[in-house]
Amino acid sequence: MKSLLSIRLTWGEDMKEVTAAFIHEVKTKGHLAIFLKGVFFTLCIRTKDEILCIQFQNGDVKICQPDPSNSYDVLISGSKDQVCSIIKGNEKLRNAIRNKKILVDSSFRRVLFLESLFLLSKQDVS
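This report concerns the structure included in the present document. Because the structure is a prediction, the values reported are computed rather than measured.

Remarks on the state of the cysteines
Put plainly, a disulfide is one covalent bond tying together the sulfur atoms of two cysteines. Going through the model one piece at a time under the given rule, you end up with zero disulfides. The thiol of C53 is not disulfide-bonded; the next cysteine sulfur, from C44, is found 4.1 Å away. The thiol of C64 is unpaired, and the distance to the nearest cysteine sulfur, on C53, comes to 4.8 Å. Taking the relative accessible area as the measure of exposure, C64 reaches 18% and is therefore buried.

Have a look at this one:
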């Protein structure tokens, strides 16, 4: 009899770890598949020391290389701690924008989409 191993990525403190855990949660939570269908855009996250890009392509979510032409559909910039808190679903994206903790260049529709996705993908604490 084969045993199944459940692999869970942890929400570390490094931007790459946080982003990888976010993507893992999005991909493993089946109810989000419909939410991502027909969605095509690139998100760029900038902190003082890092630039990470996440590509959304019709249900697939993955980390991609930064675009040298700097053409992104959504740009989020701020401190590493603040951005990580948003990606983890600990703080609402719109609250951080309103309180001037981060800067966002995006349409309001995409801000709402990302805020919902960050909150829905928040890792369950067992």
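A word on the pattern of salt bridges
By the definition in use, this model includes four salt bridges. The closest approach of N and O atoms between E91 and K101, which form a salt bridge, is 3.4 Å. With E91 in the loop between α3 (80-87) and α4 (93-98) and K101 in the loop between α4 and β5 (102-105), the pair connects residues that are ten residues apart, well separated along the chain. Of the charged contacts in the structure, one is a salt bridge between R94 and E115, with a shortest N-O distance of 2.9 Å.

Quick look at the sheet that holds strand β2 (residues 51-57)
Spatial strand order, β3-β2-β1-β4-β5: five strands in an open sheet with mixed pairing. Either end of the sheet is taken by a strand with one partner, and the two such strands are β3 (60-64) and β5. Between one strand and the next, the sheet's axes are offset by a mean angle of 15°, whatever the strand orientation. Helix α1 (residues 15-28) rests against β1 (40-46), β2 and β3 of the sheet, and its axis sits at about 165° to β3. Where helix α5 (residues 108-120) meets the sheet, its contacts fall on β1, β2, β4 (74-78) and β5, and the angle it forms with β1 comes to roughly 75°.

Focus on the packing of α1 against α3
The contact between α1 and α3 brings their axes to 10 Å, and the two run at 10°. By the angle between their axes, α1 is roughly parallel relative to α3. Across from M15, V18, T19 and F22 in α1, the residues of α3 making contact are K80, V83, C84 and I87. When the residues that make up the contact of α1 with α3 are grouped by side-chain class, the tally is six nonpolar, one polar and one charged.

What about the nonpolar core?
With 29 residues, the main nonpolar core has F22, L43, F56, I76 and L114 as its most contacted residues. The set of elements that each furnish at least two residues to this core consists of α1, α2 (32-36), β1, β2, β4, α3, α4 and α5.

Notes on the packing of aromatic side chains
Under the defined criterion, the tally for this structure stands at five aromatic pairs. Summarising the aromatic geometry, the rings of F41 and F56 are spaced 4.7 Å apart at their centres and angled 25° between planes, so their arrangement reads as stacked. With F41 in strand β1 and F56 in strand β2, the pair connects residues that are 15 residues apart, well separated along the chain. An identical accessibility class is assigned to F41 and F56; each is buried. Of the aromatic side chains, those joined through ring pairs into one cluster are F35, F41, F56 and F113.

Rules of the game
- Along each chain, the written sequence defines residue order, and numbers are assigned to residues from 1.
- Selection of residues for local features in this predicted model requires a pLDDT of at least 70, selection of side-chain atom pairs for listing and counting requires 80 or more, and totals for whole chains, interfaces and linings are taken over all residues.
- As a rule here, side-chain values come from all non-hydrogen atoms in the structure, and water together with hydrogens is ignored.
- Only a pair of cysteine sulfur atoms within 2.5 Å qualifies as a disulfide here.
- Relative accessibility under 20% of the residue-type maximum defines a buried residue, over 50% an exposed one, and the middle range a partly exposed one, all with a 1.4 Å probe and only protein chains included.
- What makes a salt bridge here is a side-chain nitrogen of Lys or Arg within 4 Å of a carboxyl oxygen of Asp or Glu, nothing more.
- A helix here means a DSSP run of H or I that spans at least four residues, while a strand means a run of E at least two residues long, and both kinds are numbered starting from the N terminus.
- Two strands are said to pair when DSSP picks up at least two bridges between them.
- Throughout, an axis means a line fitted to C-alpha atoms (over the contacting stretch in the case of helices), and angles, computed between N-to-C directions, take values from 0 to 180 degrees.
- What makes two residues a contact is simply this: any of their non-hydrogen atoms within 4.5 Å.
- Here is the rule for angles: anything less than 35 degrees is roughly parallel, anything more than 145 is roughly antiparallel, 65 through 115 is roughly perpendicular, and the remaining ranges are oblique.
- Note on residue classes: Ala, Val, Leu, Ile, Met, Phe, Trp, Tyr, Cys and Pro are nonpolar, Asp, Glu, Lys and Arg are charged, and everything else, Gly too, is polar.
- For our purposes a nonpolar core is just a set of buried Ala, Val, Leu, Ile, Met, Phe, Trp, Tyr and Cys residues, chained together by side-chain atoms within 4.5 Å.
- Two rings from Phe, Tyr or Trp (for Trp, the six-membered ring) form a pair when their centres are within 6.5 Å of each other. A pair whose planes differ by under 30 degrees is stacked, one over 60 is edge-to-face, and the rest are tilted.

Treat this as a map of the structure, not an account of what it does.
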